[in-house]
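Working through the structure, step by step
Listed below are the residues making up each chain.
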Amino acid sequence: MRYSPRALTWLLRFYPPFLFQGIWVKKISPGFKGAEVKIYKTPFNINTNKTLFGGTIFAAADPIFPILIDQYLQKTGFKKTVAWLKSSRIDFKKPGKTSVCYSVQLSDELLDECTQTIRTKGKIVKNLSLEIKDKNDELCAVVHCETYIRDLNFTFPDRNRKVEQ
C-alpha cells in the first residue's frame, strides 16, 4: 500500500509494536529518503538493569529500511513490491541508560541502484546499517540490516527450460 511520508509517520507512531514499546517515529523525510526515530525509556521497555531492553532497540530498527525503500519504489512507479528484513544483527556498544534515537538517510545512489537492479533482475538484497545513540550522542548500538526487495510483477526467466544448442 502506498502512503505519503506524513501518513506513514502517523501510521508507524500508532503501530502497536512501536506504540507499546515507546518507539516514536519523529519524521519520515520527503520522498521516503530518510527517517528519524526515538525510543523513549519507559517502565515497559527496561530490563532488570534499568536500561533499555535490547529487543526494543532491535524492534525500532527492524522495519525502517524495508518500509522506506518499498515506499520509494512505489512512489517511482512500481505497482506491486514486497520488502522485508531478510536478516539482521545488532552490536551493542553500551547500555541504553536514557532514551535513544537514530536517523537514517538513503542516498540517491542507493535508491537508483535499487531501482535499476529491480527493473533488470526483479529483486535486490542490500546490506544497510544504522547507529543508535543516546541523548548525549554516545553510540549505544549498531544494527546491520540485510534488506530484501522484490518486484512481484517481474517475470523471471524459466530456469527449468532446456537450453537449445
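Further up the page is the structure itself.
Read on for an overview of the structure. (Residues numbered from 1 in each chain as written. Predicted model: local features only at pLDDT ≥ 70, side-chain atom pairs only at ≥ 80, totals over all residues. Heavy atoms only, no water.)

What follows is about the nonpolar core. Of all hydrophobic cores here, the largest spans 40 residues; its most connected members are Ile64 and Leu130. No other element matches helix H4 (residues 64–75), which puts six residues into this core. Those residues in contact with Leu130 that sit more than four places away from it in its chain are Ala61, Ile64, Phe65, Tyr102, Val104, Ala141, Val142 and Val143. (Core = buried A, V, L, I, M, F, W, Y, C linked by side-chain atoms within 4.5 Å. Buried < 20%, exposed > 50% of the residue type's maximum accessible area, 1.4 Å probe, protein only. Helix = DSSP H or I, 4+ residues; strand = E, 2+ residues; numbered from the N terminus. Contact = heavy atoms within 4.5 Å.)

Once that is clear, we can look at helix H3 (residues 54–61). Residues of H3 that are buried: Thr56, Ile57, Ala60 and Ala61. All buried residues of H3 fall inside an arc of 135° around its axis, so they share one side. (Arc of directions from axis to C-beta.)

Read across the sheet, six strands follow the order E1-E2-E4-E5-E6-E3 without closing on themselves; strand pairing throughout is antiparallel. The sheet is open, and its two borders are formed by strand E1 (23–28) and strand E3 (81–92), each paired with just one other strand. Direction aside, neighbouring strands of the sheet carry axes that sit 20° apart on average. Sheet topology places strand E4 (residues 100–105) next to strand E5 (residues 123–134); two bridges connect them, and they run antiparallel. Paired with Val100 across the bridge in E5 is Asp134. Across the sheet, H3 touches E1, strand E2 (34–39), E3, E4, E5 and strand E6 (139–151), and the angle it forms with E3 is around 145°. (Pairing = 2+ DSSP bridges. Axes fitted to C-alpha atoms, helices over the stretch in contact; angles between N-to-C directions.)

In the structure shown here, the tally under the stated rule is seven salt bridges. Note that Glu138 is salt-bridged to Lys94, the shortest N-O span being 2.7 Å. Linking Glu138 in the loop between E5 and E6 with Lys94 in the loop between E3 and E4, this pair joins segments that are 44 residues apart in sequence. Accessibility expressed as a relative area gives 37% for Glu138, which makes it partly exposed. Of the charged contacts in the structure, one is a salt bridge between Lys126 and Glu113, with a shortest N-O distance of 3.1 Å. A residue pair is termed long-range when its members are at least 10 positions apart, and Lys126 in strand E5 and Glu113 in helix H5 (residues 108–121) qualify at 13 residues. The structure contains a network of salt bridges with shared partners spanning Lys94, Asp134 and Glu138. (Salt bridge = Lys/Arg side-chain N within 4 Å of Asp/Glu carboxyl O.)

The next subject is the environment of Ser99. Here Ser99 lies in the loop between E3 and E4. Sequence separation between Ser99 and Asn136 is 37 residues, and the spatial gap between their C-alpha atoms is 9.8 Å. At a separation of 3.1 Å, a polar atom in the side chain of Ser99 contacts the main-chain amide nitrogen of Lys41. (Polar contact = N/O pair within 3.5 Å; in protein donor to acceptor, adjacent residues only side chain to side chain.)

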